[in-house]
Number of protein chains: 2
Amino acid sequence: MRQAFQERLHSITDRLVEMTGLAGEQIRTSTTALLEADIRLADEAVAADVLLNRSQLEIEERILELMATQAPVARDLRTVLAAQRSSSDLERMGDLAVHVAKIARMRYPDVAVPAEFRSTFRDMGRTAEAMATKAGTVLRLRDLGAAAELASDDDEMDRLHRSLFVVMFDPAWHRGVEVAVDVALLGRYYERFADHAVNVAVAVRYLVTGELDGLAATAR
Amino acid sequence: MRQAFQERLHSITDRLVEMTGLAGEQIRTSTTALLEADIRLADEAVAADVLLNRSQLEIEERILELMATQAPVARDLRTVLAAQRSSSDLERMGDLAVHVAKIARMRYPDVAVPAEFRSTFRDMGRTAEAMATKAGTVLRLRDLGAAAELASDDDEMDRLHRSLFVVMFDPAWHRGVEVAVDVALLGRYYERFADHAVNVAVAVRYLVTGELDGLAATAR
């Protein structure tokens, strides 16, 4: 019984790791679409979201089946709920990548982000992708080192995010309101993508150490 | 066994209904703080968030206890997972109310939203509060009529949200970039608050009808 439970739980974890890969790819595609006004890539990123949505539903079915057939004990139930929550976080990361792609598409053939923001968004895209990959490592190996790295990547994301406003709120900055709104929303999407990657790490960390570090409960 | 399960599930549902009340109050307080630059109310809305955070953790503990002691059958497990997801949605609604309050606080003693947006934000605040209340009705009574109303309230919220951009993107609009960024982010917070209320209704609707209407899977 116990072994059957562990095997099924591993296969659920494998699907979650797969989701981190999909989320990372999706934000990379969206970021390239954004920086190069590449409408084909924007469409690709939007279409790819169905994969994460489907994975989340499949994981939910597997979780239900696991709980119905294996009658997990208390500690295992905690793991199962954490898996369920992580699948929601990963699904949401896909939605946020879609939002980025849609802004790219809406402004096509223009590039939505002007020159002075491009390197920041390139860095935000890279950080987001790296965070999705690390969330996969945390899930696969229960690697608390990678979980700690995710927290500092998130600080870096916040720094990049804040730097957008420093540029926009400079009195000498002269682009219009539409650009400002796009940049503010894009910044928010990347920041939230990062938050969800951190949530995955917090869930795993909690399972390993029993400690809630409060990160997940902070309003972000 | 079955009866003990139902009783505990009811008490979890009662806590979720309580959370809808807290979320509704929190967004009302935040909206008033925003429209009247009332820093005391802004602080109150920020401080109140601890109640929703605590409720979510308590519900999670109760869910774990329920599953560990009552060995629920397949259909009941679905209900339990839906309760867990709804508690996350409600917790998140509190975070979004906090974001609104923080913008009010950041711009104090100025009012963050200029005159031409105030009635729209008042309506967004009222709609958000009403949606939280209706999510409570949906949870308490499994009332699909109220669930359908939530979907049309959400359309109304989207309409209000879009109207902000119509004003801001008018070439005659003359406020600065900072206001535009605040208004864009505030609009997003209210819209997301509404989305989470809809998620609660979708979860309950799914439990009652077995139908996933795809609302939850759309990237919003």
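Values in this document were obtained by computation on a predicted structure and should not be read as measured data. (Residues numbered from 1 in each chain as written. Chains lettered and ligands numbered in written order. Predicted model: local features only at pLDDT ≥ 70, side-chain atom pairs only at ≥ 80, totals over all residues. Heavy atoms only, no water.)

(A) Examining the relation of the copies chain A and chain B more closely. Mapping chain A onto chain B leaves a residual RMSD of 0.0 Å; the transformation is a rotation of 180° accompanied by 0.0 Å of translation along its axis. Each copy turns onto its partner about a two-fold axis. When the interface residues of chain A are mapped onto chain B, 100% of them again lie at the interface, so the same face is used by both copies. (Least-squares fit on C-alpha atoms with pLDDT ≥ 70 in both. Contact = heavy atoms within 4.5 Å.)

(B) Representation of unusual backbone geometry in the model. For the peptide bond that leads from Y108 of chain A to P109 of chain A, omega is 5°, which places it in the cis range. Mapping P109 of chain A onto the fold places it in the loop between α3 (74-107) and α4 (115-141). Positive phi outside glycine occurs at A71 of chain B, with the angle close to 40°. Within the secondary structure layout, A71 of chain B lies in the loop between α2 (39-70) and α3 (74-107). Phi at R142 of chain B takes a positive value of approximately 50°, unusual for a residue other than glycine. Position of R142 of chain B relative to the elements: it lies in the loop between α4 (115-141) and α5 (144-168). (Helix = DSSP H or I, 4+ residues; strand = E, 2+ residues; numbered from the N terminus.)

(C) Structural context of the interface of chain A and chain B. At the junction of the two partners, chain A supplies 41 residues and chain B supplies 41 residues. At the boundary of chain A and chain B, one finds four salt bridges. Linking R85 of chain A and E60 of chain B is a salt bridge whose minimum nitrogen-to-oxygen distance equals 2.6 Å. At the junction of chain A and chain B, the tally comes to four residue pairs in polar contact (both at pLDDT 80 or more). Those elements that provide at least two residues to the side of chain A that touches chain B are α2 (39-70), α3, α5 (144-168) and α6 (177-209) of chain A. With twelve residues, α3 of chain A is the largest single contributor of residues to the side of chain A that touches chain B. Among the residues making up the side of chain A that touches chain B, the classes are represented as 22 nonpolar, five polar and 14 charged. (Salt bridge = Lys/Arg side-chain N within 4 Å of Asp/Glu carboxyl O. Polar contact = N/O pair within 3.5 Å; in protein donor to acceptor, adjacent residues only side chain to side chain. Nonpolar A, V, L, I, M, F, W, Y, C, P; charged D, E, K, R; others polar.)

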